[in-house]
Structure formats: C-alpha cells, structure tokens
Amino acid sequence: MSVPETMRAVRIAGHGGPEVLEAVEVAVPAPGAGEVLVKVAAVALNNTDLWTREGAYGSPEDAAALSGWRGPIDFPRIQGADVAGRVVAVGPREDVSADGGVGFDGGAVVDGDTARAVAGNAADAAARGTAGEPNPYAGLFGRRVVIDPAVYDSDCQDANPVGLMGSERDGGYAEYVTAPVGRVHDMTESPLTDDQLASLPTAYGTALGMIERGGLRDGETALVSGASGGVGLALTQLARARGAKVLAVSSGSKADAVRAAGAHVVIDRARDVAGQIRAAAPDGIDIGLDVVAGELVSECLPLLREGGRWVVAGALGGYGVTLDVRRLYLHNARVIGSSMHTPAHFGLLMDLAREGAVRPVVAATFPLARAARAQEELARRGHVGKIVLHP
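Please read all numbers here as calculations on a predicted model, not as lab measurements.

Caption draft 1: Geometry of helix H7 (residues 273-280). Those residues of H7 that fall on the buried side of the exposure criterion are Val273, Ala274, Gln276, Ile277 and Ala280. Along the long axis of H7, the arc covered by the buried residues comes to 160°, so they all point the same way. On its buried face, H7 sits against strand E15 (221-224), strand E16 (245-250), strand E17 (265-268), strand E18 (285-290) and helix H8 (295-300). With a side-chain oxygen lying 3.4 Å from the backbone nitrogen of Ala274, the N-terminal cap of H7 falls on Asp272.

Structure (structure tokens):
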C-alpha cells in the first residue's frame with residue numbers, strides 16, 4: 001500500500017452558506033518536522049464547522065466581523081476538527097544539537113512536495129533518521145489515533161487553546177491530514193469504533209474542560225443546557241459518571257435519549273425552565289454547564305447555591321446577556337468562561353476512551369462528498385448525538 005500524491009477533500013474558499021463547501025482534489029500534505037500523516041477514517045461535525053464557514057465568531061473589536069474560530073481565516077481552508085484514523089507516514093525528527101541549533105533527521109515520508117510512503121519499507125524508514133538513530137515518532141506508524149484539534153499557546157499541560165484544526169489549520173474533511181506528533185493520541189486498544197472516537201475531541205473535550213474548570217464534585221447538582229447536542233450529551237454522560245445529580249435541559253421529543261445518556265431529570269425547554277429546576281432541586285444547583293447562554297443565564301443563574309459556578313462554553317441562545325450582578329457577589333458565585341480543553345484535559349479524555357468509559361452516540365453518517373448535506377442536517381438540530389463523515 002502507498003500514499004497517493006493527491007486526495008479528495010472538501011474546503012471553503014470564503015464565508016457563506018453550505019454552498020461554499022467545494023469538493024476538490026488536492027495534493028496530499030507532507031508532514032513536516034515533528035508531524036505525522038493520518039489517513040482519515042472518520043471526521044465528526046461540530047457547530048464550529050457551521051460558524052467557521054459562516055464567519056460567525058466576530059472579533060473583540062467588532063462583534064459582527066466575519067471571522068474564523070480565532071480570527072481571519074487563511075482561505076482556502078479544509079474544514080473538520082475531529083479526526084480518527086491511522087498514522088501512515090512519519091515526518092522528519094527534530095533534533096536540538098549541542099550548539100543549540102535545530103536539525104532534522106529523515107522520516108518515512110518526504111519526497112519533494114508529496115507524501116508517498118510504501119508500506120513495505122515505511123516502518124523501517126520511520127524508525128531511523130539519516131544518521132541511523134531511532135526516530136522517536138516511529139512507534140506511531142500504523143497505529144489507530146485520535147488528533148487533539150487544538151492549537152495551544154504553549155507546550156504546558158494547562159495551555160490555552162488559541163486555534164483549531166479546520167479553522168486556523170487544515171482539518172479532516174479529507175482523505176489525509178497532518179498533525180503535530182504531540183497532539184496525536186494512540187487509541188489502537190480502545191473498544192470504541194472509529195466513528196465514536198471521531199466524536200470525542202471537540203464535544204467531549206469541551207465538556208470535560210467545562211467540568212474540570214468548574215470543579216464538579218461527586219454528589220453535586222449540575223444543570224446541563226442544550227443536552228441533546230454533541231457537547232450537551234457529553235456533559236450529561238461525564239457529569240453523571242462523576243457522581244453528580246444531572247438536570248438536563250432539552251426538547252420534550254428528545255427527553256428519552258437524554259435520559260438514556262444519564263440525566264436524572266429532563267427539563268423541557270418549551271416550558272417554564274426555572275420553575276422546573278426549582279421543583280427538581282429545591283435547594284438550588286451547584287453548577288451550571290451551559291452551551292446556550294442568552295436568557296437562560298438571566299433566568300437560572302440566580303438558582304445557584306452559595307459558592308455556585310456557572311460555566312459557559314457556547315452561545316446557541318444568544319451572546320447578549322442581562323445579569324443581576326448582586327446574585328454573584330452576594331452569594332460568592334462565579335461565572336467561568338471555558339473554551340475547549342487543555343492538553344491535560346484531553347489526555348484524561350483519551351484515558352477514559354481507552355477504557356470505554358465514554359460511549360459517544362452517533363446519530364448519522366455521510367460520505368465526504370455530501371459534507372454540505374451533513375452540515376445542513378446538523379443545523380436543523382433534529383438529531384441526538386454526533387454526525388460523522390467518511391472520506
């Protein structure tokens with residue numbers, strides 16, 4: 001088996017509706033120093049795909065500015081943050097020499113501007129550099145992996161994400177994608193399917209980041225908004241696994257699926273949400289895990305107990321919020337912004353996935369060529385769980 005010179009991909013050349021998604025044939029990317037090439041088995045969709053395509057993130061200076069996840073996009077851009085696949089080639093090894101300079105040993109893949117690697121000798125080539133020394137990345141060759149899609153501001157385990165695959169760098173709406181070796185996690189022994197593994201990075205990474213930053217503890221009462229969506233369903237599963245009493249806000253038609261994911265009580269979003277929460281938790285809630293924001297914050301933040309936390313990681317209900325700040329300082333409550341996850345959070349998530357301790361729900365799959373149709377389905381929000389593309 002060999003890596004071809006070209007691949008099928010779906011990319012955007014500008015902001016707009018689903019019509020800006022274009023199927024193209026492009027060169028297979030060559031992994032650079034410290035990178036690997038992954039053959040994509042599955043790539044899951046997220047709201048970030050929709051909002052990046054639409055340019056809906058705004059900027060600190062102008063909320064209405066067209067923007068990718070963290071700023072202007074360098075078009076054309078291949079979308080797709082959440083990838084599961086196999087490592088088929090390994091880039092050159094990066095070495096720091098005695099005089100402090102940086103040098104590069106040969107890898108398994110580099111052939112001019114293309115990334116060709118023949119299976120018969122690629123593993124041996126990956127294992128040794130030009131000087132015959134071991135390539136530390138060679139152990140990943142042929143392994144089933146999940147890519148952490150975040151671009152971080154440092155190499156620390158508590159680094160903040162400042163970019164995202166599919167927005168700030170090319171993503172997985174393609175047959176192949178490159179990734180830094182430090183962002184690739186070996187999941188070969190996980191009992192999860194490729195579709196389930198691809199469903200983890202953004203949704204479950206964001207959910208675990210919210211739970212960790214909010215300090216959710218065993219025995220606490222947690223309110224989860226948008227509970228039938230990707231992040232909401234992940235929050236429901238993870239909060240229940242941590243020992244929390246989970247109150248999940250969702251539409252009535254999806255209540256059974258949300259309850260099956262672990263919710264103790266499902267709050268019908270079409271009715272009096274605050275009233276239902278008061279009935280289910282007369283003493284209040286310890287933490288709000290919120291991907292909706294908007295009016296929900298104004299209505300439900302006052303339901304926090306003393307020292308409660310409200311963690312926000314989305315704005316499906318609107319980014320403009322009216323807040324009575326007395327409910328914060330008089331009750332020592334905290335509002336916490338949470339964007340995705342840290343490397344430490346993601347490592348913890350991968351450990352859970354290796355054990356099969358999380359089981360993402362896959363709602364539907366589509367071939368890569370129908371990426372626009374898949375995004376339309378995601379935007380309709382009639383599903384429960386994740387939508388996945390197959391290259």
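Structure's up, so let's keep going.
Caption draft 2: Summary view of the confidence of the model for the protein chain. On average, residues of the protein chain score 89 in pLDDT, and 89% of them are at 70 or above. Note that pLDDT drops below 50 for residues 96-131; the model gives that stretch 78 contacts with residues more than four away or on any other chain.

Caption draft 3: The layout of surface pockets, seen in detail. Here the second largest pocket is characterised by a volume of approximately 190 Å³. Considering the residues around the second largest pocket, the lining is formed by 15 residues, among which Met7, Val26, Pro29, Ile78 and Asp170 are closest to the centre. Secondary structure elements with two or more residues in the lining of the second largest pocket: strand E1 (6-12), strand E2 (21-27), strand E4 (77-78) and strand E13 (176-180). If you tally residues by element for the lining of the second largest pocket, the top one is E13, at 3 residues. Looking at the lining of the second largest pocket residue by residue, the classes come out as 9 nonpolar, 2 polar and 4 charged.

Caption draft 4: Spotlight on the packing of helix H4 (residues 200-214) against helix H5 (residues 230-241). At a minimum axis separation of 8 Å, H4 and H5 run at an interaxial angle of 50°. For the element pair H4 / H5, the angle class is oblique. For the pair H4 and H5, the crossing hand works out as right-handed. For the pair H4 and H5, the contacting residues are Ala203, Tyr204, Thr206, Ala207, Leu208, Met210 and Ile211 in the first and Gly230, Val231, Ala234, Leu235, Gln237, Leu238 and Ala239 in the second. Of the residues in the contact of H4 with H5, the class split is 11 nonpolar, 3 polar and no charged.

Caption draft 5: Representation of a nonpolar patch on the surface within the structure. A cluster of nonpolar side chains, Val321, Leu323, Val325, Tyr329, Leu330 and Val335, forms an exposed patch at the surface whose accessible area comes to about 530 Å². Assessed through its relative accessible area of 39%, Val321 is described here as partly exposed.

Caption draft 6: Structural context of the sheet that holds strand E19 (residues 304-312). In space, the 6 strands of this open sheet follow the order E17-E16-E15-E18-E19-E20, with parallel pairing throughout. The open sheet is flanked by E17 and strand E20 (334-337), the only strands paired with a single partner. Direction aside, the axes of adjacent strands within the sheet are offset by 20° on average. Where E16 and E17 come together, 4 bridges link them in parallel fashion.

Caption draft 7: Just unusual backbone geometry, in detail. Here the residue pair Phe75 and Pro76 is connected by a cis peptide bond, since its omega of -5° sits within 30 degrees of zero. Considering the arrangement of structural elements, one finds Pro76 in the loop between helix H1 (47-54) and E4. Even without a glycine there, the phi angle at Asn332 is positive, about 50°. On the secondary structure map, Asn332 appears in the loop between helix H9 (326-329) and E20. Using a relative accessible area of 57% as the deciding quantity, one classes Asn332 as exposed.

Caption draft 8: Examining the pattern of salt bridges more closely. Throughout the structure, instances matching the rule amount to 19 salt bridges. The shortest N-O distance in the salt bridge between Asp186 and Arg143 comes to 2.9 Å. With Asp186 in strand E14 (residues 184-186) and Arg143 in the loop between helix H2 (119-127) and strand E10 (144-147), this residue pair connects regions lying 43 residues apart in the sequence. By relative accessible area, Arg143 is classed as partly exposed at 28%. Via salt bridges that share partners, Arg143, Asp186 and Glu189 belong to a single interconnected network.

Caption draft 9: Representation of the nonpolar core. In terms of nonpolar packing, the biggest core is built from 45 residues, with Leu200, Tyr204, Leu235 and Leu289 touching the most fellow members. Sort the elements by how many residues they give to this core and H4 lands first, with 7 residues. Core analysis: the next-biggest nonpolar cluster, separate from the first, contains 42 residues, Ala89, Leu140, Val181 and Leu389 among them.

Caption draft 10: Quick look at the sheet that holds E1. Strand order in the open sheet made by the 3 strands is E2-E1-E4, with antiparallel pairing throughout. At either margin of the open sheet sits one strand with a lone partner, and together these are E2 and E4. For E1 and E4, the ladder comprises 2 bridges, and the chain directions are antiparallel. Looking at the pairing, Arg11 lines up with Ile78 of E4.

Caption draft 11: View of the environment of Leu21. Mapped onto the elements, Leu21 comes out in strand E2. Taking the relative accessible area as the measure of exposure, Leu21 reaches 11% and is therefore buried. Leu21 sits 57 residues away from Ile78 along the chain, and the two C-alpha atoms are 9.2 Å apart. The contact partners of Leu21, leaving out residues within four places of it in the chain, are Val10, Arg11, Ile12, Arg53, Gln79, Tyr173, Ala371, Ala372 and Gln375.

Caption draft 12: Examining the packing of aromatic side chains more closely. Overall, the coordinates contain 1 aromatic pair when judged by the stated rule. Taking 6.0 Å as the distance between ring centres and 80° as the angle between the ring planes, the aromatic pair formed by Trp51 and Tyr57 counts as edge-to-face. Taking relative accessible area as the criterion, Trp51 reaches 24% and is therefore assigned partly exposed. Residue placement shows Arg70 over the ring face of Trp69; its charged tip is 5.0 Å from the ring centre.

Cut-offs and rules
- Residues numbered from 1 in each chain as written.
- Predicted model: local features only at pLDDT ≥ 70, side-chain atom pairs only at ≥ 80, totals over all residues.
- Heavy atoms only, no water.
- Buried < 20%, exposed > 50% of the residue type's maximum accessible area, 1.4 Å probe, protein only.
- Helix = DSSP H or I, 4+ residues; strand = E, 2+ residues; numbered from the N terminus.
- Arc of directions from axis to C-beta.
- Contact = heavy atoms within 4.5 Å.
- Polar contact = N/O pair within 3.5 Å; in protein donor to acceptor, adjacent residues only side chain to side chain.
- pLDDT = per-residue confidence, 0-100.
- 1 Å grid on protein atoms, 1.4 Å probe; cavity = no way out; pocket = protein on both sides within 12 Å on 5 of 7 lines; lining within 4 Å.
- Points joined across faces, edges and corners; volume = space filled by probe spheres on them.
- Nonpolar A, V, L, I, M, F, W, Y, C, P; charged D, E, K, R; others polar.
- Axes fitted to C-alpha atoms, helices over the stretch in contact; angles between N-to-C directions.
- Parallel < 35°, antiparallel > 145°, perpendicular 65-115°, else oblique.
- Left-handed = near helix turned anticlockwise from the far one by under 90°.
- Patch = residues over 30% accessible without salt bridge, like charges linked within 9 Å, V, L, I, M, F, W, Y side chains within 5 Å.
- Areas by Shrake-Rupley, 256 points an atom, 1.4 Å probe, with all protein chains shown as cover.
- Salt bridge = Lys/Arg side-chain N within 4 Å of Asp/Glu carboxyl O.
- Pairing = 2+ DSSP bridges.
- Core = buried A, V, L, I, M, F, W, Y, C linked by side-chain atoms within 4.5 Å.
- Phe/Tyr/Trp six-rings, centres within 6.5 Å; stacked < 30°, edge-to-face > 60°.
- Lys NZ or Arg CZ within 6 Å of the ring centre and 35° of its normal.

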